[in-house]
Amino acid sequence: MAGRTVRYRNGRNTSRAIRAAAVAACATLVLAACGSTKDNVASKGDGGGDGSGKVGVILPLLTSPFWQSYNDYVPKMAKTEDVDALKTVNSNSDPSQQITDINNQLNQGVKGLVVAPLDSAAISAGLDQAERKGVPVVAVDVAPEKGKVAMVVRANNVAYGEKACEYLGKQIPSGKVVQIMGDLASVNGRDRSEAFRACVKEKFPKLKVLEIPAKWESDTAASKLDTLLNANPDIKGIYMQAGGVYLAPTLQTLKSKGLLKTVGQKGHIAIVSNDGIPQEYDAIRKGQIDATVSQPADLYAKYGMYYIKAAMQGKTFKPGPTDHDSEIVKLPSGILEDQLPAPLVTKENVDDPELWGNTVK
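Residues numbered from 1 in each chain as written. Predicted model: local features only at pLDDT ≥ 70, side-chain atom pairs only at ≥ 80, totals over all residues. Heavy atoms only, no water.

## Some points on the state of the cysteines
Taken as a whole, this structure holds 1 disulfide when the rule is applied. The disulfide bridge from Cys165 ends at Cys199, spanning 2.1 Å between sulfur atoms. Looking down the S-S bond of the Cys165 and Cys199 bridge, the torsion is -75°, so its handedness is left-handed. A residue pair is termed long-range when its members are at least 10 positions apart, and Cys165 in helix 5 (residues 157–171) and Cys199 in helix 6 (residues 187–203) qualify at 34 residues. With respect to burial, Cys165 and Cys199 carry one shared label: buried. (Disulfide = S-S within 2.5 Å. Helix = DSSP H or I, 4+ residues; strand = E, 2+ residues; numbered from the N terminus. Buried < 20%, exposed > 50% of the residue type's maximum accessible area, 1.4 Å probe, protein only.)

## Section: the environment of Glu211
Among the structural elements, Glu211 can be located in strand 9 (residues 207–213). Those residues in contact with Glu211 that sit more than four places away from it in its chain are Gln179, Met181 and Arg197. One polar contact links Glu211 to Gln179, side chain to side chain, over a distance of 2.9 Å. Of note is the side chain of Glu211, whose polar atom sits 2.7 Å from the side chain of Arg197. (Contact = heavy atoms within 4.5 Å. Polar contact = N/O pair within 3.5 Å; in protein donor to acceptor, adjacent residues only side chain to side chain.)

## Digging into the side chain of Lys309
Along the chain, the position of Lys309 falls in helix 10 (residues 297–312). In this structure Lys309 touches Asp50, Gly51, Glu81, Asp82 and Val83, once residues within four positions along its chain are discounted.

Functional significance is not addressed by these values, which are geometric in nature.
Structure below.
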C-alpha cells in the first residue's frame, strides 16, 4: 500500500463506483469473477456445511491496547457475521501456551478457530492438530510459516516499515534513527524490520539505523532505549513497531532524559509508530509523536469472523481485489492473505472519524 492514497475503512465512495462499473461490464457473464469478495470465491466445496457450530477465538496477549480493542470488537463482529464465537482465550505472550489453548478449544468440539499467532513457526503444531480434526483455521495479524489456514487476515506489514521510513526520511535529512523492533520470531517483526532497513538504505543513505530487538516487550524496549540513548544522545528519529507496547515506555524514557520535545521545538525527536490506538492519536495531537500507521483492529475482527464462517461452509477463495478495499494475495508458502488497508495517520488526519482509533474510548 506504500506509494498510493489509502482509503479509510472500506473506501465506500470509490468502492461503490468500482462495483457499479464491474456489474455493468459483467452483466451478461453468468459466472464471471468481477472483483467482489463473493466473486473471489473459488469454490463452495463438496463437503461444505451451513457454517454453524462454535468458533474458538485465541488472542496472543491482552497487555496491549491494540489487542484489548480487537478483543472488544470480536463479539460485536461475530454477531454481525452470524458466528457463534466462544469467549476469547488469552495466550499471554506464550507460544507454547497458545498451542495448548488450540488443543483445549479442539477438545471442546469447536467447528472453527480464529487465531492470532504469537510465533510464525511454532503455530504450525496447533494448525496440524486442527487439520487432523478437520477444523478450519483463520489466522489474524500474523501469517504462519507453514500449516493449513483458510485465510490470513492481515495488513501489509512491509508497507508499515516502508511508510515509517518514508516519513522519517522526509523529516530528517541525516543522522541516527532507531527502530524498536518486534519479535523477530514473528513474520510481522521481520517484515517491518527488513522493510524499514531496506528503505532507509535505498532512499535515505545519510540516515544511520540503530536497532533495538524488543520482542513486543515494553520493559525490554525501555531499558534498551535508555542504554542506547546514553551512548547516542544525538538520535533524531524513532520508529516504534508497536505503539500498543512501546509508546508509553518510549515517551517515559525520553522524558526522563529531558529529550521529550514536542513537534516544532528545537531538539524534537521525530517518532513514527504502528497500531492506530487512541493513545497514539492523543500523542500526535499533543505533538509528542509525529505519525502512526493504523492497523485495523476492527477489520481484523470483522474479516476474521467472515472468513471462518466461509471456511465452515466449505468456501475457498482465490487471489484478487475484494469489495472491501483490500486484495487477496498468495504468499510464497501458498497461503492466501487478505491484505487490509492501513493508512498513515498524522496531525492532518488524526481526527478523521473513520479511523477505528477514534471510535473507541
